[in-house]
Amino acid sequence: MNLKISALDFIQEVKTGNISAEDFVAKTMEQIKTMDDKLHAFLSVNEKAIDQAREVDKKIKSGRDVGACFGMPISIKDNICIKDSKTTCASKMLENFIAPYDATVIAKLKQQDAVFVGKVNMDEFAMGLSTEFSAFGPSKNPWNTECVPGGSSGGSAVSVSAFECIASLGSDTGGSVRNPASFCSTVGYKPTYGLISRYGLISYANSIEQIGPLTRTVKDTAFMLNLVSGIDPNDNTTIDNKNTDYLSDIETGIEGKKIGIIKEMIGDGIDSSVLSATKDAISKLESLGAVCEEISLEMVKYSVAAYYTITATEAGSNLARYDNLRYGYDFPLEGYEFNSYISKARRNFGPEVTRRMILGGFVPSAGHAGKYFLKALKVKSKLTKEINNAFKQFDLLISPTVPVLPFKIGEKIDDPISLFLIDINTVTANLTGKPAISIPYAISNGLPIGIQLMADSMNDKLLLQAAYALEQTVKLPEISI
C-alpha cells in the first residue's frame, strides 16, 4: 500500500473502494512503529485509531453520510487539546495532563471523520525552532537524522515527511509551522490571523500565534484550510471568511501578478545554496507571467528583537498558571512557603522556557517597559504599516523560508541568539497578521530548502494559487527512509 499519496488522492482511493480507511490507517500505524525509534516524531499514539478507521469504513459501506476526510490519518502537535488524551506541550509540567475538551480544530476534523494517529513532538510550550527543547528528547530530520527537523512544530513536519500520517496540524508563532516545513520538505501554512480558531491551543503568545496545517501538497493545504477555518464563538479573534473554498480555482495561475522580493531577507547570513534556490524560484515565477521586483522593508531588521520581546512578555503571563497547584506533578508541600514551592516546581521547566519566563518578567516591568516592551510594540506597528504599503504595490512577497540549511543536532543549542536570528524571514508574517506559506523547492547536499510566499490579510486564496503555481514547476527527489 502506498503511504506516499496526497490527502486528495487518499480520499479518491477510499471513495472508489481501491483502499479501505482501516487498512491505510493500520499501515500508517505500522510505519510509526517502524520509524519512530529513529525519528521520535510522536509523544503518544492513538491506540484506537484502527478501530476508528474501521467505523468510517462501516459508514461508507452502509451508505451513511461520511465526512470529507474519509478516515484520513492526521497527527496533532501536542499543544492542541484532544479530549481525554494527553496534551503535554512536550513539558514535564504537563506530562500527565489529560485534556478535558476538544480544541475547535479537533472538533471540526472529528465531524469530518479524520482519524488522529497521535500527538507529535515539539519544543517545550512551542518555544524553540529546532525541537531540541522538548523535555522528552529531540525529533530528527528524516532527510538526515543528524540534523534538526526545525521547530517548534518539528514532530508535525517529521510525521508528514516520513509518511507517518497524511497531514498534521501545528502552531505558528514566529515561523513554527513554516520553519520545520522548510527543513523537512513539506508544505507549511500560516493563515491570516484569526482565520483559524485558537480555542484549545495551549497559549504561548496569543496576539500572534495561529494553528496551521502541514501537508505534502499545496492542494492538500487548501483542503485542510477548508475544514478548519471560520468563525468560532469560543475565540473572539476569529474572522468571517464567508465560507471561502480555498481549493476552487487554485489552478488559476499568477500571470500579471506583481511579486516583491524582500531585500532584507536575502542579504547577510544567507546560505549560498538557499540564495541560489530563491533566485531560481523568482525566475520560475517570472516565466509563469509574474512581474518580480525588489522591495526594501526597513523594519525587518528590527523584527526579531521586537518579536522576542513581545512573545516573551505574553509567554511570561501565560506561563504564570504553571504553579504546580493547578498543573504539574506531585512533590510534598511540607517545608516550603508559597514562593519557594513554586520556584522549586518551575525548576523542571527546560532552559528555553526558563529564559523566556525571566525575559517576560523583566521587559514589561516598571522602569523597563518603555525601553523594551513599548518600543517593541512600536516596531510591530511600523512594520505592519510598512507591509500594508508594500501590498499596495505588490500582490505577493517572496523570500527563502529560512536563510540556512538544516543544522546538526546540538550545533546551536547553547547559542540562543544565533537560533533566534534564524527566525528573521518568518516573524514578519506573525507580527503583521499576514498569511504565509513555505513550499518545498530544492534539495542541497541532501537537505531541503523551502521558499516562502506572503500575501495581504484575507488573501489566503491568492496565496494558495501562487504557491500551487510555483509547486508545479518543482520536481524533487523522493526521500529515502
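Here, every reference points to the structure presented above.
The rules behind each value
Positions within a chain are numbered from 1, following the residues in the order the chain's sequence is written. Local features in this predicted model are restricted to residues whose pLDDT is 70 or higher, and side-chain atom pairs enter the listing and the counts only when it is 80 or higher, whereas totals over whole chains, interfaces and linings include all residues. Values reported for side chains reflect all heavy atoms of the structure, with hydrogen atoms and water molecules removed beforehand. Numbering of helices and strands runs from the N terminus, with a helix taken as a DSSP run of H or I at least four residues long and a strand as a DSSP run of E at least two residues long. A radius of gyration in this sense is built from C-alpha atoms; the matching globule rule multiplies 2.2 Å by the number of residues raised to 0.38. Categorising residues by exposure relies on relative accessible area from a 1.4 Å probe, with only protein chains included: less than 20% of the type maximum marks a residue as buried, more than 50% marks it as exposed, and the intermediate range marks it as partly exposed. In what follows, residue pairs with any heavy atoms lying within 4.5 Å of each other are defined as contacts. Two residue types count as positive, namely Lys and Arg, and two as negative, namely Asp and Glu; His and chain ends fall outside the count. Note on charges: their place is set at NZ of Lys, CZ of Arg, CG of Asp or CD of Glu. Being paired, for any two strands, means DSSP has found at least two bridges between them. Helix axes are fitted only over the stretch in contact, all axes being lines through C-alpha atoms; the angle between N-to-C directions runs from 0 to 180 degrees. For this classification, under 35 degrees means roughly parallel, over 145 means roughly antiparallel, 65 to 115 means roughly perpendicular, and everything else is oblique. Following the grouping adopted for this structure description, the nonpolar residues are Ala, Val, Leu, Ile, Met, Phe, Trp, Tyr, Cys and Pro, the charged ones are Asp, Glu, Lys and Arg, and the polar ones are all others, Gly among them. Definition of nonpolar core: a set of buried residues of the types Ala, Val, Leu, Ile, Met, Phe, Trp, Tyr and Cys, connected through side-chain atoms within 4.5 Å. For Phe, Tyr and Trp, rings pair up if their centres lie within 6.5 Å, where Trp contributes its six-membered ring, and each pair is then called stacked (planes under 30 degrees apart), edge-to-face (over 60) or tilted (otherwise). Should the NZ of a Lys or the CZ of an Arg lie within 6 Å of a ring centre and within 35 degrees of the ring normal, that charge is described as sitting over the ring.

Peer 1: Help me understand the overall build of the protein chain, please; the structure alone is not making it clear to me.
Peer 2: Within the protein chain, the secondary structure is distributed over 15 helices and 11 strands. Its C-alpha atoms give the protein chain a radius of gyration of 21 Å, near enough to 23 Å, the size a compact globule of 481 residues would have. Once the C-alpha set of the protein chain is aligned to its principal axes, its extents read approximately 65 × 55 × 45 Å. By residue count, 59% of the 481 residues in the protein chain fall in the buried class. Long-range pairs, those at least 24 residues apart, make up 76% of the contacts in the protein chain between residues at least 6 apart in sequence. Across the protein chain, the centroid of the 50 positively charged side chains sits 3 Å from that of the 56 negatively charged ones.

Peer 1: I'm lost on the sheet that holds strand S9 (residues 396-400) in this one. Help?
Peer 2: Two strands in a sheet stick together by hydrogen bonds in their backbones, pointing the same way (parallel) or opposite ways (antiparallel). As summarised here, the arrangement of the 11 strands in space is S1-S3-S2-S4-S6-S5-S10-S11-S9-S7-S8, forming an open sheet in which the pairing is mixed. On the outer flanks of this sheet lie strand S1 (42-45) and strand S8 (291-295), each paired with one strand and no other. If you compare each strand with its neighbour and ignore which way they point, the axes differ by 30 degrees on average. When strand S2 (residues 73-77) meets strand S4 (residues 167-172), the two strands line up parallel, connected through 3 bridges. For Ile76, the partnering residue across the bridge sits in S4 and is Leu169. In this fold helix H15 (residues 460-471) packs onto strand S5 (187-190), S9, strand S10 (436-444) and strand S11 (447-455), with an angle of close to 15 degrees to the strand it touches most, S10.

Peer 1: Can you walk me through the packing of helix H4 (residues 104-111) against helix H7 (residues 218-228) in this structure?
Peer 2: The angle between the axes and the distance between the axes are what describe a pair of packed helices. Relative orientation of the contacting elements H4 and H7 amounts to 105 degrees, with a least axis distance of 9 Å. By the angle between their directions, the pair H4 and H7 is classed as roughly perpendicular. Residues Val105, Lys108 and Leu109 of H4 form the contact with H7, whose own contacting residues are Met224, Leu227 and Val228. Among the residues making up the contact of H4 with H7, the classes are represented as 5 nonpolar, no polar and 1 charged.

Peer 1: Before we go on, may I ask you to explain the nonpolar core in this structure?
Peer 2: Soluble, globular proteins show a tendency: their nonpolar side chains are buried together. Ranked by size, the top nonpolar core spans 75 residues in total, and within it Phe10, Ile74 and Leu109 carry the most contacts. With 8 residues, the single largest contributor to this core is H15. Residues contacting Phe10, with those up to four places away along its chain left out, are Ile5, Ile19, Phe24, Cys69, Phe70, Gly71, Met72, Pro73 and Ile166. Counting 55 residues, the second largest nonpolar core, distinct from the first, contains Met122, Phe133, Tyr322 and Ile422.

Peer 1: Please clarify how the packing of aromatic side chains should be interpreted in this entry.
Peer 2: Summed over all chains, the structure comprises 8 aromatic pairs. A ring pair is formed by Tyr307 and Tyr308, whose centres lie 4.7 Å apart and whose planes are at 80 degrees; its orientation type is edge-to-face. Neither Tyr307 nor Tyr308 differs from the other in exposure class; each is buried. Stacked on the ring of Phe394, the Lys or Arg Lys258 has its end atom at 5.3 Å from the ring centre.

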